[in-house]
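Spelled out from the first residue to the last, the chains are:
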Number of protein chains: 2
Amino acid sequence: MAARHSVAHLSRRAAGAVACTPLRSSWLAKDLTLQARTFATPVPPVTQNAAGSKGPTAMVFLNMGGPSTVDEVEDFLRRLFQDGDLIPLGRLQNYIGNFISSRRTPKIQKQYAEIGGGSPIRKWSEYQNAEMCKLLDRISPETAPHKPYVAFRYANPLTEEMYNKLLDDGFGNGKGGRAVAFTQYPQYSCSTTGSSLNELWKWRQRLEGKAGPGTIQWSVIDRWPVHPGLVDAFASNIEKTLAEYPEDRRREAVLLFSAHSLPMTVVNRGDPYPAEVAATVYAVMQRLKFSNPYRLCWQSQVGPQPWLGPQTQTSVEEYISKGQKDLVLIPIAFTSDHIETLFELDKEVIGESGHADTVKRIESLNGNPIFIKALADLAKSHLGSGTVCSHQMGLRCPGCKSERCAESKKFFAGVESSLTV
Amino acid sequence: MAARHSVAHLSRRAAGAVACTPLRSSWLAKDLTLQARTFATPVPPVTQNAAGSKGPTAMVFLNMGGPSTVDEVEDFLRRLFQDGDLIPLGRLQNYIGNFISSRRTPKIQKQYAEIGGGSPIRKWSEYQNAEMCKLLDRISPETAPHKPYVAFRYANPLTEEMYNKLLDDGFGNGKGGRAVAFTQYPQYSCSTTGSSLNELWKWRQRLEGKAGPGTIQWSVIDRWPVHPGLVDAFASNIEKTLAEYPEDRRREAVLLFSAHSLPMTVVNRGDPYPAEVAATVYAVMQRLKFSNPYRLCWQSQVGPQPWLGPQTQTSVEEYISKGQKDLVLIPIAFTSDHIETLFELDKEVIGESGHADTVKRIESLNGNPIFIKALADLAKSHLGSGTVCSHQMGLRCPGCKSERCAESKKFFAGVESSLTV
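Residues numbered from 1 in each chain as written. Chains lettered and ligands numbered in written order. Predicted model: local features only at pLDDT ≥ 70, side-chain atom pairs only at ≥ 80, totals over all residues. Heavy atoms only, no water.

What follows concerns the interface of chain B and chain A. Facing the 46 residues of chain B at the interface are 46 residues of chain A. Where chain B abuts chain A, roughly 3800 Å² becomes buried across the two surfaces, and 61% of that area is made up of carbon and sulfur atoms. Considering only the surface of chain B that becomes buried against chain A, Arg295, His391 and Pro398 of chain B emerge as the three largest contributors, covering 19% of it. Here chain B and chain A share 0 salt bridges between them. Counting the contacts that link chain B with chain A gives 22 residue pairs in polar contact (both at pLDDT 80 or more). Of all the secondary-structure elements, those providing two or more residues to the side of chain B that touches chain A are helix 10 (264–269), helix 11 (273–287), strand 6 (294–299) and helix 12 (312–321) of chain B. (Contact = heavy atoms within 4.5 Å. Buried area = accessible area lost by both parts, 1.4 Å probe. Salt bridge = Lys/Arg side-chain N within 4 Å of Asp/Glu carboxyl O. Polar contact = N/O pair within 3.5 Å; in protein donor to acceptor, adjacent residues only side chain to side chain. Helix = DSSP H or I, 4+ residues; strand = E, 2+ residues; numbered from the N terminus.)

Residues and elements named next belong to chain B. Taken together, 4 strands build an open sheet; the order of strands is 2-1-3-4 and the sheet is parallel. Both edges of this open sheet fall to strand 2 (146–152) and strand 4 (217–221), since each of them pairs with a single strand only. Taken over all neighbouring pairs, the strand axes of this sheet differ in orientation by 25° on average, direction set aside. In the sheet, strand 1 (residues 57–63) pairs with strand 2 via 7 bridges, with the strands oriented parallel. Bridge assignment links Val60 to a residue of strand 2, and that residue is Tyr149. The strands touched by helix 6 (residues 159–168) are strand 1, strand 2, strand 3 (178–183) and strand 4; relative to strand 2, the strand with the most contacts, the crossing angle is about 155°. Its contacts with the sheet put helix 14 (residues 369–383) on strand 1, strand 2, strand 3 and strand 4, and the angle it makes with strand 3 is roughly 135°. (Pairing = 2+ DSSP bridges. Axes fitted to C-alpha atoms, helices over the stretch in contact; angles between N-to-C directions.)

Once chain B is rotated about the relating axis by 180° and shifted along it by 0.0 Å, it coincides with chain A to within an RMSD of 0.0 Å. Such a turn and shift between the copies fits a two-fold axis. In terms of proximity to the rotation axis, the leading residue of chain B is Ala279 of chain B, whose C-alpha is 2.5 Å off the axis. When the interface residues of chain B are mapped onto chain A, 100% of them again fall at the interface, so both copies present the same face. (Least-squares fit on C-alpha atoms with pLDDT ≥ 70 in both.)

Now for the pattern of salt bridges. Residue and element names in this part refer to chain A. Taken as a whole and judged by the stated rule, the model has 36 salt bridges over all chains. A salt bridge links Arg122 to Glu126, with the shortest nitrogen-to-oxygen separation between them at 2.9 Å. Within this pair, Arg122 and its partner Glu126 are both found in helix 5 (residues 121–139), separated by 4 residues, close to a single helical turn. Take Arg122: its relative accessible area is 26%, and that puts it in the partly exposed class. (Buried < 20%, exposed > 50% of the residue type's maximum accessible area, 1.4 Å probe, protein only.)

Further remarks concern helix 12 (residues 312–321) of chain A. Residues and elements named next belong to chain A. Buried residues of helix 12: Thr312, Ser315, Val316, Tyr319 and Ile320, and no others. For helix 12, the buried positions fall inside an angular range of 130° around the axis, keeping them on one side. Elements in contact with the buried residues of helix 12: strand 5 (254–260), strand 6 (294–299), strand 7 (327–331), helix 13 (339–350) and strand 8 (359–361). (Arc of directions from axis to C-beta.)

Distances and angles like these do not, on their own, reveal function.
The structure is reproduced here in structure tokens:
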């Protein structure tokens, strides 16, 4: 399928390769200056509104995704364990990845069956994005209309599918147009957002070739760990859960923030994720005026190699054994429900704690209007900022050896490419 | 010496044990209510100013300390490696600690000789505290006079020496009086501030017995990772160093925040330090408006067991090998110069980088007036807050097995002791 689409779109791209546009924002202008050295006579792309709007703008949500049905579990796991950006397994990545995913499939299928037959992440992502785009059309008319797309790393809709949809919808193919890659991981990790961007870059190269006139102009919202709306959405959900405890016990409930862990090889390579997760936690505690004692724990460790701790499940067991049974679990690095909340936290950590009445989990952000407004605010300020990505994104991890990462960063950092080391 | 002082002060305490005071702030009032169940007829302590001031107030700076002379290195290292709160070596702690410190002494003596014959940490701590107390006398007259004390964990003046000085100066011994244990580690770790507080609690028990009328009323400033004055002091020093780079390279210099690392056993136990260090880093970057790309690294790993990374020295080498030679080192978890800045960063990391002209370290906070004002603001707001310590301090780490830690937290958390799990 990949090859078929590649050929089709490469020929369409070739046909439209003369079109280019003098867009208004400064980075695009600079980019154009560079392009102008190669390509003459730029003309406005057909998708742009000559009356004033720079739209349409494609808003592309990036996330890991999850199998919507039990049948999709095997493919999902295979892609996941074959991703060296996520789980580095060395030169035998594909072989070992296949082996692990085949072995784990029956167990994980059972878990998805227990949470209703599939992950709700696609439903929530599509809902959040559609709602955000509606808000954006109102608050950012100059980039309207905003069109929602979802690109998952390991499940449908995959990046390739999204990219082809973009092209089919009139972006690129000589007509240019702007697309924003909006990571739905608030905190940046090379193994999450980084992996999604590497995948996006790969499909960009395959389907559009290098940046040039008439190709899609990408910019990236690559991290937003302390956005006030995000922080407020988490904090208000925590307050709701705290209100369920009797008043005399409420202030003493321990808040256990839980984020997906990383292998220590990734942490020690210099991945920015642990520090950004901690920044979110601190911002939420500031918003709560440090009403409760708290700790940051890490969940979902797999396999025998060392991962970052303390582990969420162990921490819950240890607090309970110390007599602290009022515990509030807060999934702090994911914005909608998925197997790690619905199965791992609810059924394993809470279900097996022996205190399901006093160990609680806050609701995930899902359709929370505070959160969706935060997404729109973030997107609006990005669209108006004239930046292609954060200054931070151009910097590789000190221990990074991935050429794919270097190239992908160079591409997305665009005019900031001199920062890519 | 310990035994001699203990006996002397225990008898003085016994002589003055009838004195107790109805102090004004709410936590002291609550504390008194508890005491009132046991002790009758509280009378004002002789050290209090009946005209309105609650002073004198002892301001006790807690820190690890460092040997002021090369001759003190051996004792310093012995205490350090014998501290199971800092470097957990199990049941043979004292034996192994002695062995390691004896072996390391000649090497470390040489390092101290190279930085001028000793650590400047005592000089800076005494200066910072004296200057802070002068400011406090002006901005917090109701708790004046403020008297500066320093208690180091591994070097002179040790906690025992400080406590005896407090008693000699008229605190305790039936006369009560208020003392604030003010950690000079902005971010809390069980192995730093926790260890200092455990030591303070030990000497409190030995020299004054349990809390009772006429003993010193302790409260604790236990962490202040994002205090605006601290953040501003770091940020302005970073700006000064950035200004040394040619303008066209300035924005691309990489900021490498460096904090003392922790063994993974401590991290995985649930120590709050890595997350609080990350909070400081994020706050400084916010203050700098994310002007530069950055990473958080960890330094000073010792021995064969796994420590938290990425390592500072390795990161510097790796960035240089990627062609990024403009690097700004920022010691983010220490407030004055010490061997880790003057020797490890300056002589080892920078000195051996081959690029001592472009790899730079920001000045430590030392006598920085912005920093000293921050200390005074922090202390004033603590003194007026009516809190004995942060709500967070009462919570033990999930994996904590230390009874000393449990008891010490119970003591310091005072009226909040029900939070100690």
